Each structure stands twice: as structure tokens, then as C-alpha cells.
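Descriptive structure summary
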Amino acid sequence: QVQLVESGGGLVQPGGSLRLSCAASGRDFSLYRMGWYRQAPGKQREFVASITSGGSTNYADSVKGRFTISRDNAKDTVYLQLNSLKPEDTAVYYCNVVYVLTKRDYWGQGTQVTVSS
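Residues numbered from 1 in each chain as written. Predicted model: local features only at pLDDT ≥ 70, side-chain atom pairs only at ≥ 80, totals over all residues. Heavy atoms only, no water.

1. Remarks on the overall build of the protein
How we decide: Numbering goes from the N terminus for both helices and strands, where a helix is a DSSP run of H or I of at least four residues and a strand is a run of E of at least two. Within these notes, the globule rule equals 2.2 Å times the number of residues to the 0.38 power, and the radius of gyration is based on C-alpha atoms. The classification of residues rests on relative accessible area computed with a 1.4 Å probe and restricted to protein chains. Under 20% of the type maximum is buried, over 50% is exposed, and intermediate values are partly exposed. A 1.4 Å probe and the Shrake-Rupley method give the accessible areas. Residues count as covered only by the protein chains that appear here. None of His or the chain ends enter the tally, which takes Lys and Arg as positive and Asp and Glu as negative. Lysine's charge is taken at NZ, arginine's at CZ, aspartate's at CG and glutamate's at CD.
From N to C terminus, the protein includes zero helices and eleven strands. Across the protein, helices and strands are ordered from the amino to the carboxyl terminus as β-β-β-β-β-β-β-β-β-β-β. Taking 117 residues into account, the globule formula puts the C-alpha radius of gyration at 13 Å, and the protein, at 13 Å, falls close to it. Based on the C-alpha atoms only, the size of the protein along its principal axes is roughly 40 × 25 × 20 Å. Taking all 117 residues of the protein together, 42% fall into the buried category. Total accessible area on the protein is roughly 6100 Å²; 46% of this is exposed by carbon and sulfur atoms. Separation of charge centres in the protein, based on 13 positive and 9 negative side chains, amounts to 2 Å.

Put into C-alpha cells, the structure is as follows:
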């Protein structure tokens, strides 16, 4: 079965940085797109960024130029570097993997990111 284990969340001041990690196991993830979503209190879950095994990336407009997604295929791990953080980036960040042939997807348990002074 697919398991996604996230880490790296925490409390950071505005303008600060964090790096999230998501280690996947249970499949050959070469045919999976990996990515991140987030959900702020009282809001719907929203897309943040994604990356294919070939390295093609996609970002939400709200994080372009501040967040960077990367992937280590040998470790089946996806990372999200969060820079220039703003209070509105406060949310639970969820790792997501999607099997590109069937669109079947899986979710991690989430990691809290809080941006506050």
C-alpha cells in the first residue's frame, strides 16, 4: 500500500523559510506525479505545486517565485522549499501523489505550517 510521510512543518516568522519533505513508499513512483496542496482554516484545500518524474513542474500563481518543488526519484521523496513566507501561507500542507495512467491518488497526513510574528 502507498504510504506518504511528511515532515518539516513548523512556526516561522514572516519572510522566513521552511522545507517540507514527503517520503513515499509502496509503489514504483516513476509513473506518479507528486505534489503539494494546502488547506487553511475555513478554506478549501488548494493546489500548491506538482512535479513529474521527469522534472516538469507546475505552481499555483500565489506561490510562484517563492516556493520551489523538487523530487529525488531514487528516494521517492518530494520536497517543497518555502521562501519569503507570508501569514497567508499558514495552512496544513498535504503531500499528494497521482498515478498518471488512472489518476488514482493518495494523500499524506498533513504537516502544519504557521507564519506568524
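Once the structure has been displayed, the description carries forward.
2. What to know about the pattern of salt bridges
The condition is simple: A pairing counts as a salt bridge when a side-chain nitrogen of Lys or Arg comes within 4 Å of a carboxyl oxygen of Asp or Glu.
If you walk through the whole model with that rule in mind, you get four salt bridges. Between Arg-38 and Asp-89 there is a salt bridge, with the nearest N and O atoms lying 2.9 Å from each other. Residue Arg-38 is located in strand 4 (residues 32-39), and its partner Asp-89 is located in the loop between strand 8 (77-82) and strand 9 (91-99); the two are separated by 51 residues in the primary sequence. Just as Arg-38 is buried, Asp-89 falls in that class too. One continuous salt-bridge network, built from bridges that share partners, spans Arg-38, Glu-46, Arg-66 and Asp-89.

Function cannot be read off these values alone, since they describe shape.
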